[in-house]
Amino acid sequence: MITVDMLQSYEKDDLAGVVPALEAADIQQLVAWLDEKDDNIRYKSFLLLQSRSQQYSDVTLIGRSLLRNSDAPTLTSAISG
């Protein structure tokens, strides 16, 4: 699982190479870090999630919101319901 130390050790230009190794728990952790006060943690988390959304279908960025695709049925039900 990804740790803060690992995240901070990645250079911005190297983040795309990390994306294929991300697992579901890593994605959940990255989403949680979007609420961190540390700008570097938030920014790198966002960049990883953004890159993940461009390469895989398990994360979707909608405007400024992030949606894990496993949450989509719940969101759709809430909107249409």
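Residues numbered from 1 in each chain as written. Predicted model: local features only at pLDDT ≥ 70, side-chain atom pairs only at ≥ 80, totals over all residues. Heavy atoms only, no water.

A closer look at the packing of aromatic side chains
Then step 1. Evaluated as defined, the whole model comprises zero aromatic pairs.
Then step 2. Positioned above the aromatic ring of Tyr-56, the side-chain terminus of Arg-52 is 4.1 Å from the ring centre. (Phe/Tyr/Trp six-rings, centres within 6.5 Å; stacked < 30°, edge-to-face > 60°. Lys NZ or Arg CZ within 6 Å of the ring centre and 35° of its normal.)

Describing the packing of helix H3 (residues 24-33) against helix H4 (residues 39-55)
Then step 1. At a minimum axis distance of 8 Å, the contact between H3 and H4 shows a crossing angle of 135°. When the interaxial angle is binned, H3 and H4 end up oblique. Where H3 crosses over H4, the handedness of that crossing is left-handed. Every residue of H4 that contacts H3 at Ile-27, Leu-30, Val-31 and Trp-33 is listed here: Ile-41, Arg-42, Ser-45, Leu-48, Leu-49 and Arg-52.
Then step 2. Among the residues forming the contact of H3 with H4, the class breakdown is seven nonpolar, one polar and two charged. (Axes fitted to C-alpha atoms, helices over the stretch in contact; angles between N-to-C directions. Helix = DSSP H or I, 4+ residues; strand = E, 2+ residues; numbered from the N terminus. Parallel < 35°, antiparallel > 145°, perpendicular 65-115°, else oblique. Left-handed = near helix turned anticlockwise from the far one by under 90°. Contact = heavy atoms within 4.5 Å. Nonpolar A, V, L, I, M, F, W, Y, C, P; charged D, E, K, R; others polar.)

Remarks on H4
Then step 1. Look at H4: 24 Å from first C-alpha to last across 17 residues, which is about the 24 Å you get at 1.5 Å a residue.
Then step 2. Along H4, the residues classified as buried are Ile-41, Lys-44, Ser-45, Leu-47, Leu-48, Leu-49, Ser-51 and Arg-52.
Then step 3. Regarding H4, its N-cap is Asp-38, as a side-chain oxygen of that residue lies 2.8 Å from the backbone nitrogen of Asn-40 further along. (Expected span 1.5 Å × (residues − 1). Buried < 20%, exposed > 50% of the residue type's maximum accessible area, 1.4 Å probe, protein only. Polar contact = N/O pair within 3.5 Å; in protein donor to acceptor, adjacent residues only side chain to side chain.)

Some words on the environment of Thr-3
Then step 1. Counting through the fold element by element, Thr-3 comes out in the segment before helix H1 (4-9).
Then step 2. For Thr-3, a relative accessible area of 35% corresponds to the partly exposed category.
Then step 3. Each C-alpha atom, one on Thr-3 and one on Leu-30, is 9.4 Å from the other, the two residues being 27 residues apart in sequence.

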